[in-house]
Amino acid sequence: MNKNDNVKISKFLSKYLRHDPQAIGLELQEGGWVAVDDLLVACARHNLMLTHLELAEIVESSDKKRFAFDATGTLIRAQQGHSVPVDLQLTPLAPPAVLYHGTVAAALPDIWREGLQKMSRHHVHLSPDVETAQRVGGRRGKPVVLVVDAAALHKAGAVFYESGNGVWLVDQVPPGYLKEL
Ligand code: HQG
């Protein structure tokens, strides 16, 4: 498989493992997992012929480790980014003192008014470093990076989680914990 195939398949998997599993006849189990065999059958029914080995290659090579197998290798899930209700059973964790959020200038007036909100996702997504935040913001235009005072927000009682791929998740970030880089 070449890189383009990988991106195409990764997008297909994101769509059905995060947003619309029912559309290909899948149901996410607790933790967001689906059986690998069920996924491959569902893919095949929708004209995506994929072997176990090819799927493993996609999971392994995904730049952002979007997907993960469970310890037995029989289940797979998206690590974060769901819009369907799912309890990823993550463990609350103390965040680093500072985290970053990449966005664009057009969103700033709303963000300064109401803070970072989760919008259509389950959490606000925060990045561990400036470069990652720039990449995330850059998906929407010229990136603007916000610095999040994660230590203070955590101290104030906010619950943080780290997804398996290094994305930090929190319910919201009020404006008082934000400043522009
Ligand atoms: C903005 C990708 C107005 C927020 C990335 C962002 C990430 C507000 C957009 C992951 C707002 C939401 C998540 C407010 C936040 N008013 N706009 N109060 N609060 N926003 O895609 O963080 O490729 O849901 O700044 O790499 O951009 O999917 O979140 O611009 O890790 O694996 O509203 O998605 O990963 O956009 O990206 P998103 P995000 P994947």
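To start, this report covers the structure provided alongside it. Here the structure is a predicted model, which means the values were calculated and not measured.

A few words on a positive patch on the surface. Together, Lys64, Arg121, Arg135, Arg139 and Arg140 make up a region of like positive charge exposed at the surface. Tracing the backbone shows Arg140 in the loop between α5 (130–138) and β6 (143–149).

Our focus in this paragraph is the layout of surface pockets. Picture a little ball the size of a water molecule; that probe, rolled over the atoms, points out where space is still empty. Empty space within the largest pocket amounts to approximately 1400 Å³. Along its surface, the largest pocket is lined by 45 residues, and Lys64, Arg121, Val136, Arg139 and Arg140 are the ones closest to its centre. Those elements giving two or more residues to the lining of the largest pocket turn out to be α1 (3–19), α3 (52–61), β4 (98–104), α4 (108–114), β5 (124–126) and α5. Counting residues per element, the lining of the largest pocket draws most heavily on α1, at nine residues. Of the residues that constitute the lining of the largest pocket, the class distribution is twelve nonpolar, 19 polar and 14 charged.

Glancing now at the site of the ligand. Lining the immediate environment of the ligand, one finds 18 residues, of which Arg18, Lys64, His101, Thr103 and Arg140 sit closest. Between His101 and the ligand, the recorded distance is 2.6 Å, taken from a side-chain N or O atom to an oxygen atom. The protein chains hide 88% of the 780 Å² of surface that the ligand would expose on its own. Of the pockets mapped on this structure, the ligand occupies the largest pocket. Elements with a contribution of two residues or more to the shell around the ligand: β4 and α4. Per-element accounting of the shell around the ligand gives the leading share, three residues, to α4. When grouped by side-chain class, the residues that make up the shell around the ligand number five nonpolar, five polar and eight charged.

A few words on the pattern of salt bridges. Under the definition given, this model contains two salt bridges. Across the salt bridge formed by Asp110 and Arg113, the nearest N and O atoms sit 2.7 Å from each other. Here Asp110 and its partner Arg113 are both found in helix α4, three residues apart, which amounts to about one turn of the helix. Given a relative accessible area of 58%, Arg113 falls into the exposed group. Asp171 is paired through a salt bridge with Lys118; the nearest N and O atoms lie 3.3 Å apart. Separated by 53 residues along the polypeptide, Asp171 in the loop between β8 (168–170) and β9 (178–180) and Lys118 in the loop between α4 and β5 bring together distant segments of the chain. In this structure Lys118 comes out as partly exposed when scored by relative accessible area, which is 33%.

Glancing now at the environment of Tyr177. Within the secondary structure layout, Tyr177 lies in the loop between β8 and β9. The spacing of Tyr177 and Val130 is 47 residues in sequence and 17 Å in space, taken between C-alpha atoms.

Calculation rules
Residues numbered from 1 in each chain as written. Predicted model: local features only at pLDDT ≥ 70, side-chain atom pairs only at ≥ 80, totals over all residues. Heavy atoms only, no water. Patch = residues over 30% accessible without salt bridge, like charges linked within 9 Å, V, L, I, M, F, W, Y side chains within 5 Å. Areas by Shrake-Rupley, 256 points an atom, 1.4 Å probe, with all protein chains shown as cover. Salt bridge = Lys/Arg side-chain N within 4 Å of Asp/Glu carboxyl O. Lys, Arg positive; Asp, Glu negative; His and termini not counted. Charge placed at Lys NZ, Arg CZ, Asp CG, Glu CD. Helix = DSSP H or I, 4+ residues; strand = E, 2+ residues; numbered from the N terminus. 1 Å grid on protein atoms, 1.4 Å probe; cavity = no way out; pocket = protein on both sides within 12 Å on 5 of 7 lines; lining within 4 Å. Points joined across faces, edges and corners; volume = space filled by probe spheres on them. Nonpolar A, V, L, I, M, F, W, Y, C, P; charged D, E, K, R; others polar. Near = heavy atom within 4 Å. Polar contact = N/O pair within 3.5 Å; in protein donor to acceptor, adjacent residues only side chain to side chain. Sits in = over half its atoms within 2 Å of the grid points. Buried < 20%, exposed > 50% of the residue type's maximum accessible area, 1.4 Å probe, protein only.

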